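Residues per chain are reported as follows:
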Amino acid sequence: EDKVVQSPLSLVVHEGDTVTLNCSYEVTNFRSLLWYKQEKKAPTFLFMLTSSGIEKKSGRLSSILDKKELFSILNITATQTGDSAVYLCAGNSGGSNYKLTFGKGTLLTVNP
Amino acid sequence: GAGVSQSPSNKVTEKGKDVELRCDPISGHTALYWYRQSLGQGLEFLIYFQGNSAPDKSGLPSDRFSAERTGGSVSTLTIQRTQQEDSAVYLCASSFLASYNYEQYFGPGTRLTVT
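Please read all numbers here as calculations on a predicted model, not as lab measurements. (Residues numbered from 1 in each chain as written. Chains lettered and ligands numbered in written order. Predicted model: local features only at pLDDT ≥ 70, side-chain atom pairs only at ≥ 80, totals over all residues. Heavy atoms only, no water.)

The next point concerns the overall build of chain A. Of regular secondary structure, chain A possesses 0 helices and 11 strands. Ordered by position in the sequence, the α and β elements of chain A form the string β-β-β-β-β-β-β-β-β-β-β. By the compact-globule yardstick of 13 Å for 112 residues, chain A fits well, its C-alpha radius of gyration being 14 Å. Overall, chain A is about 45 × 30 × 20 Å in size when its C-alpha atoms are taken along their principal axes. Across the 112 residues that make up chain A, the buried fraction comes to 45%. Considering only contacts within chain A whose residues lie at least 6 apart along the sequence, 54% involve residues at least 24 apart. Charge-centre separation for chain A: the mean point of 12 positive side chains lies 6 Å from the mean point of 10 negative side chains. (Helix = DSSP H or I, 4+ residues; strand = E, 2+ residues; numbered from the N terminus. Rg over C-alpha atoms; globule rule 2.2 N^0.38 Å. Buried < 20%, exposed > 50% of the residue type's maximum accessible area, 1.4 Å probe, protein only. Contact = heavy atoms within 4.5 Å. Lys, Arg positive; Asp, Glu negative; His and termini not counted. Charge placed at Lys NZ, Arg CZ, Asp CG, Glu CD.)

The subject of this paragraph is unusual backbone geometry. Looking along the chain, the bond that leaves A:Ser7 and enters A:Pro8 is cis, with omega of -10°. When you line up the elements, A:Pro8 lands in the loop between β1 (3-7) and β2 (10-14). Residue B:Pro8 is bonded to the preceding B:Ser7 through a cis peptide linkage, with omega at -10°. For B:Pro8, the location among the structural elements is in the loop between β1 (5-7) and β2 (10-13). The backbone phi angle of A:Asn29 is positive, close to 55°, even though this residue is not glycine. Tracing the chain through its elements places A:Asn29 in the loop between β3 (19-26) and β4 (30-38). One non-glycine residue with positive phi stands out, namely B:Arg81, at about 45°. By secondary structure assignment, the location of B:Arg81 is in the loop between β7 (75-79) and β8 (88-95).

As a further point, take the pattern of salt bridges. For the coordinates displayed, the defined rule picks out 6 salt bridges over all chains. Between A:Arg60 and A:Asp83 there is a salt bridge, with the nearest N and O atoms lying 2.8 Å from each other. In this pair, A:Arg60 sits in the loop between β6 (56-58) and β7 (61-66) while A:Asp83 sits in the loop between β8 (71-76) and β9 (85-93), placing the two residues 23 residues apart along the sequence. Of the charged contacts in the structure, one is a salt bridge between B:Asp86 and B:Arg64, with a shortest N-O distance of 2.8 Å. Within this pair, whereas B:Asp86 is found in the loop between β7 and β8, its partner B:Arg64 is found in the loop between β5 (43-50) and β6 (65-69), the two being separated by 22 residues in sequence. Of the residues examined, B:Arg64 reaches a relative accessible area of 12% and is grouped as buried. (Salt bridge = Lys/Arg side-chain N within 4 Å of Asp/Glu carboxyl O.)

Let us now look at the sheet that holds β7(B). Residue and element names in this part refer to chain B. Taken in spatial order, the 4 strands make up an open sheet running β1-β3-β7-β6, and their pairing is antiparallel. Bordering the open sheet on either side are β1 and β6, each of which pairs with just one other strand. Averaged over all neighbouring strand pairs, the angle between strand axes comes to 15°, with direction disregarded. Of the strand pairs in this sheet, β6 and β7 are connected by 5 bridges, and their pairing is antiparallel. Paired with Phe65 across the bridge in β7 is Ile79. (Pairing = 2+ DSSP bridges. Axes fitted to C-alpha atoms, helices over the stretch in contact; angles between N-to-C directions.)

Pasting the structure below:
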């Protein structure tokens, strides 16, 4: 059975801190890994990673994938209160059984 | 443009009743997905459609759950004889194609409460 595990489950930091969120995966016929941010309702897309070692960056957020060790990290530098959310990681399988397998998420709270 | 929309946003129903949840995908997106998010749990994949076809229904929790999609657009998820354990947020997503290199865009979800 496919599995995605995120750590930590929750994290409390102060504004300006840098955080690293972890995601390990065991996904059959793995094709890509996705990160989403969920504040209230709809998860919003952050990154899709398909290749090892290539960092994707968007402002203060960045992410990288290691397909040998089967994990990904999401870094957020100079955190702001608006970064408070649940961050979801998902492994994407291809072929005829296409689906996303999500982790339980990391709840990030950024205090002023 | 308009994103994925879902209705109703909240639904409270009595145990044993049937419910229908609706999803309107982004225009032009051929793939549509249903997920369930229970309290403290990650998103659980239920089913996806490529066009009107659902290649894999194995994620549906029981035979009380069914989904259909007509005209390659709107989809309905039906839960028959609801149970309390069906209480969750049901999220719908769509993508241009059901392929690993297209990201999924999510709707706001329907919060279902079975009393």
